[in-house]
Amino acid sequence: MVKPLNPKSLFHLRKYPPLLGSHKFLKFSSKSNLYANSTYPNLVSNVSRILSDPHWYKNKELKHVSHKIQHTHVARIVTSHRNIDVVIRFFYWISKTDCYKHDLNCYKLMLSRLVSEGRFSDADHITVLMVKECGNEDEVLGVVEYLNGLRRKGLGYSLYSCNTLLIRMGKFEMIEAARDLFMRMVSYGVKPNLLTFNTVINMLCKKGKVQEAKTFLDQMGEYDLCPDVFTFSSMILGYCRNRDLESAFNVFDRMVKEGCDPNAATYTNLINGLCSVGRVDEGLDMLKEMMDKNIEPTVYTFTVPISSLCASGLVKKAIDLVIIMRTMSCSPNVQIYTALISGLFCARQARLAIGFYHKMLKDGLIPNTVTYNALIYGLGEIGRFDAAFMIFYWMEGQHGNLSNVVTYNEIIRILCLMKNFQKGMVLLSKMTKVGPLPTVVSYNILIIGFLKQRDVNNAVRLLSLMKANGCKPDEWTYAELISGLCQTGDLDGALTFFREMVDQGLTPNKVHFTSLIDGHCKKGEVEAALLLLEKMETHNCRPETETYNAIISCLSKKNQLSEAQKLCEEMVEKNVSPNVITYTSLIDGLCRNGNVDFAFKIFNEMETKNCLPNLLTYSSLIYGLCLEGRVDEAEILLKEMENNGIVPDHVTYTSLINGCISLYQVDHAFSLLQSMIKRGCKPNYRTFCILKKGLENESRTHGDFCRSDEKGLTFADLFVKMSEYGCKPTVDTYSEIIVGLCKEGKSTEAVELFNNMKAKFISPDMNIYASLIVVHCNNLKVETALEFFNLMTVEGFEPTIKSYKAIICGLCKNGQVSKARELFENMLDQRWDADEIVWTVLIDGVLKEADVDTCVQLIQIMGSKNVNPSFQTYVMLAKDISAANESCDIHEVVDKLKQYRTMQTLGDEPKITGL
């Protein structure tokens, strides 16, 4: 049985020592070793004295002081000791001790002496050792340059040293250097062998430079050399990297014809190539073929097929392949486990994914960044945010090098899912300042988050900040902004961004056009939408079903059925197939306009065209039936949709409840509410309002509407009736209603309900407090808002930036500026992103009231607390200050803010006046 995720066991790091430390490899370095402070005076002279003894290597004193010998000591011995043979032997001997490794300078001095004494054979061997120790491209190039200098002193190129250099160059993908070295070899008369050609060909093929590799392959015949399995496998790899599978299989056929038996690497390259182009089944056939030929696959043979299967959602097949691996005594590697974890999370099998993570640790494998990123993503998808953050903080705290930009993007995505954009902005700011630098994806995640909250202003500002930070927006950045602006009805803004995108050289696609078309349709501008539909084709952008659906929905709602049907016919003519949304749009429009019977004809037509109705289809029909008072038929349809496996949502139930209330069937409406809650469907504010209205109608009918307080029925009365049906109010019930009342500005009713829930010992949630704060500030009851603010903090809730904004603006409106400043200072003691503070509190808050002086005071407070926004935000602020106070010259304001920011950097606190 797979254990569920347990944060304690998931990160019980002591159990897995490799996670706590890092592998320590001896490095080729010029730094001094651990024993830098020698207590041995005259160490070099004493070692030289010992080396004069023919049996020096047996000397106990030398062994005793060997751990004190450093690069500088070896360098002096190499250059000063008279006996070159002893020097050579000592050079090898000291390199084999535990605490010493030659640095580049030691090798150079040793080679210089060997060349000066004509010991070229020994010099060649030392050259090879030096090349093998090169740890990066610069060191390899440095060695090549040094060897070129020694060649002028008589040290020639050998095949051994050249091949070693080529292999090292291959490791660091130094194609240019390898090409140059090969040419030098040939020009200096060094005859390349099979290893030489294989090394160069493999290097080129790894980078997809197959044509150049082929020229080297053709040259092999000039040296009486025949390609072997490594040569052919490299060429196959190159063609597969270029997705040229036909040429890869031609090479495979050629090698078989020439009597060269393929090996595991040959098949692995072909299998990987097939999987990379989506031909996974053929890749698995190749795997079976190689096993049938008794060619044993390696872990690398299985890695790509398993990863491909997981990426395609075929996780069960992938696990079956892992079982086959196990039967062949081939253990999965980190990449395979990571693919399985990722695939299982995507397949909604979180417990199994976490089980594989534990198995991976049990097998002694150390997860890498990609593994942890997959875990973070998967845990975020199933709402295990705490566990995701635990991994992130561990990666950051103990292994900062583990987290990369993908890690940060996943955490920002999770914060957006939690609607905690403040922390998302803080994390983005950290990335900008200390790395890893945010990418277009990082910005897009937050832009989408803001737009989902209908916070278009901050989304647009983030775009400006993104461009100012040197990150270029892509098509999807503009797609989200255009869509967000269209949803809020700002078509002019959407078109401005559309034009900007085109000016930036980005090509508009169906998403951009569909968003604009949908925006026009939402405003009822069908003609403009149809013009855009024609324009799409001039941009070589073929309209798809979603594009047509937006217009058909608009026409249907406007009861222009014939036009909608014509558009459906046009779709079919252009080989664009109508889908469930197309039919549902027609049905919805008909139902809203009282044509339910016609809507059912289209509903029945869907079945004949094998187009299954969805939740929205049934909800539209139920709404239409209830609108016509045909509630009984609507309930029959409800049972039908449930029998078809479609779960009704709050819209479906609310339509039915509204239908019952319209027919004065109040008790039945509450029975439906009972069914709704039992099925785990949460009623919304509209549901409760309809039920309350039903109770009021019932009271009027029975003549008991008037109460002693003359206030009519309240939601508290509704709760009494709900309780009779076993629907006792929960925190969610109160939250829905209180938030709804606050949005309507009904603060008195909201507070009454708040007191009601407290009396019943039901703790309010964050949304309740935030809504009560905003509504009281809007009604200029700031003292009451502050009481709720304090209550919220006492309850352990962290106030949002919008709560701070509401109270600060409310205090400013009431002339309580000093209190506003005090609250603003307290706010800055929390972790907030400076840019978002300016955007939300100052620009969208204080400045909206044209309170320029207070705004300047608050920006000064930010500076005094070293909470400094970006210069781009200062420019935004300057523009809004200038707009709020027309007597201000924007250039003057920008100059003053520039000066202010510079002085902040120097640690001063300037006073900005005259704005």
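This report concerns the structure included in the present document. (Residues numbered from 1 in each chain as written. Predicted model: local features only at pLDDT ≥ 70, side-chain atom pairs only at ≥ 80, totals over all residues. Heavy atoms only, no water.)

### A closer look at the side chain of T582
Then, in step 1: By secondary structure assignment, the location of T582 is in helix 34 (residues 580-592).
Then, in step 2: Judged by its relative accessible area of 1%, T582 falls in the buried class.
Then, in step 3: There is a polar contact of 2.5 Å between the side chain of T582 and the side chain of N549.
Then, in step 4: Within the structure, T582 has its side chain in polar contact with the backbone nitrogen of N579 (distance 2.9 Å).
Then, in step 5: With residues near it in sequence (within four places) discarded, T582 still touches T545, N549, I552, C568 and M571. (Helix = DSSP H or I, 4+ residues; strand = E, 2+ residues; numbered from the N terminus. Buried < 20%, exposed > 50% of the residue type's maximum accessible area, 1.4 Å probe, protein only. Polar contact = N/O pair within 3.5 Å; in protein donor to acceptor, adjacent residues only side chain to side chain. Contact = heavy atoms within 4.5 Å.)

### Points about the pattern of salt bridges
Then, in step 1: Under the defined criterion, the tally for this structure stands at 39 salt bridges.
Then, in step 2: Salt-bridge contacts for R630 lead to E633; the nearest nitrogen and oxygen are separated by 3.0 Å.
Then, in step 3: The exposure class assigned to R630 is partly exposed, which follows from its relative accessible area of 21%.
Then, in step 4: Owing to a relative accessible area of 38%, E633 belongs among the partly exposed residues under this scheme.
Then, in step 5: The network of salt bridges with common partners includes D597, E628, R630 and E633. (Salt bridge = Lys/Arg side-chain N within 4 Å of Asp/Glu carboxyl O.)

### As for the packing of helix 13 (residues 210-219) against helix 14 (residues 229-241)
Then, in step 1: For the pair helix 13 and helix 14, the least separation of the axes is 10 Å and the interaxial angle reads 160 degrees. Taken as axis vectors, helix 13 and helix 14 run roughly antiparallel relative to one another. Relative to helix 14, the crossing made by helix 13 is left-handed. Contact with helix 13, carried on its side by V210, A213, K214 and L217, involves T231, M235, G238 and Y239 of helix 14 and no other residues of that element.
Then, in step 2: Taken together, the residues of the contact of helix 13 with helix 14 sort by class into 5 nonpolar, 2 polar and 1 charged. (Axes fitted to C-alpha atoms, helices over the stretch in contact; angles between N-to-C directions. Parallel < 35°, antiparallel > 145°, perpendicular 65-115°, else oblique. Left-handed = near helix turned anticlockwise from the far one by under 90°. Nonpolar A, V, L, I, M, F, W, Y, C, P; charged D, E, K, R; others polar.)

### Focus: the nonpolar core
Then, in step 1: Counting 291 residues, the largest nonpolar core has I808, F824 and L842 as the members making the most contacts within it.
Then, in step 2: Every residue in contact with I808, bar those within four places of it in the chain, is listed here: A820, L823, F824, M827, V841, V846 and L858. (Core = buried A, V, L, I, M, F, W, Y, C linked by side-chain atoms within 4.5 Å.)

### So, the packing of helix 48 (residues 834-843) against helix 50 (residues 871-884)
A pair of packed helices is captured by two measures, namely the crossing angle of their axes and the spacing between those axes.
Then, in step 1: Running from amino to carboxyl end, helix 48 crosses helix 50 at an angle of 10 degrees, the nearest separation of the two axes being 10 Å. Relative to helix 50, the element helix 48 lies roughly parallel. Between helix 48 and helix 50 lies a crossing of left-handed hand. Across the interface between the two elements, D835, V838, W839, L842 and I843 from helix 48 touch T873, M876, L877 and D880 from helix 50.
Then, in step 2: Among the residues making up the contact of helix 48 with helix 50, the classes are represented as 6 nonpolar, 1 polar and 2 charged.

### Remarks on the layout of surface pockets
Then, in step 1: Approximately 1600 Å³ is the volume attributed to the largest pocket.
Then, in step 2: Considering the residues around the largest pocket, the lining is formed by 44 residues, among which Q453, N767, A770, T800 and K802 are closest to the centre.
Then, in step 3: Residues that form the lining of the largest pocket fall into these classes: 16 nonpolar, 13 polar and 15 charged.
Then, in step 4: Approximately 700 Å³ is the volume attributed to the second largest pocket.
Then, in step 5: Taken together, 32 residues make up the lining of the second largest pocket; nearest its centre are K522, S553, K557, D588 and L616.
Then, in step 6: The set of elements that each furnish at least two residues to the lining of the second largest pocket consists of helix 28 (475-487), helix 30 (510-522), helix 32 (545-557), helix 34, helix 36 (615-627) and helix 38 (650-662).
Then, in step 7: Here the residues of the lining of the second largest pocket sort into 8 nonpolar, 16 polar and 8 charged. (1 Å grid on protein atoms, 1.4 Å probe; cavity = no way out; pocket = protein on both sides within 12 Å on 5 of 7 lines; lining within 4 Å. Points joined across faces, edges and corners; volume = space filled by probe spheres on them.)

### Quick look at helix 26 (residues 440-452)
Then, in step 1: Taking 1.5 Å per residue, 13 residues should reach 18 Å; helix 26 reaches 18 Å between its end C-alpha atoms and fits that length.
Then, in step 2: Counted residue by residue, helix 26 has 10 buried out of 13 residues, so it is predominantly covered.
Then, in step 3: Those residues of helix 26 that sit buried are V440, S442, Y443, N444, I445, L446, I447, G449, F450 and L451.
Then, in step 4: Structurally, helix 26 contributes buried residues whose contacts are with helix 24 (405-417), helix 25 (421-434), helix 27 (456-468), helix 28 and helix 48.
Then, in step 5: Within two residues after helix 26, R454 carries a phi angle of roughly 60 degrees, on the positive side. (Expected span 1.5 Å × (residues − 1).)

### Quick look at helix 28
Then, in step 1: In this model, helix 28 (13 residues) spans 18 Å end to end at C-alpha, consistent with the 18 Å of a helix rising 1.5 Å per residue.
Then, in step 2: Among all positions of helix 28, only T477, Y478, A479, L481, I482, S483, G484, L485 and C486 are buried.
Then, in step 3: Each element contacted by the buried residues of helix 28 is listed here: helix 26, helix 27, helix 29 (491-503) and helix 30.
Then, in step 4: Residue D474 occupies the N-cap position of helix 28, its side-chain oxygen lying 3.1 Å from the main-chain nitrogen of W476.
Then, in step 5: Note on helix 28: the residue one or two positions beyond its end, G489, has a positive phi of about 85 degrees.

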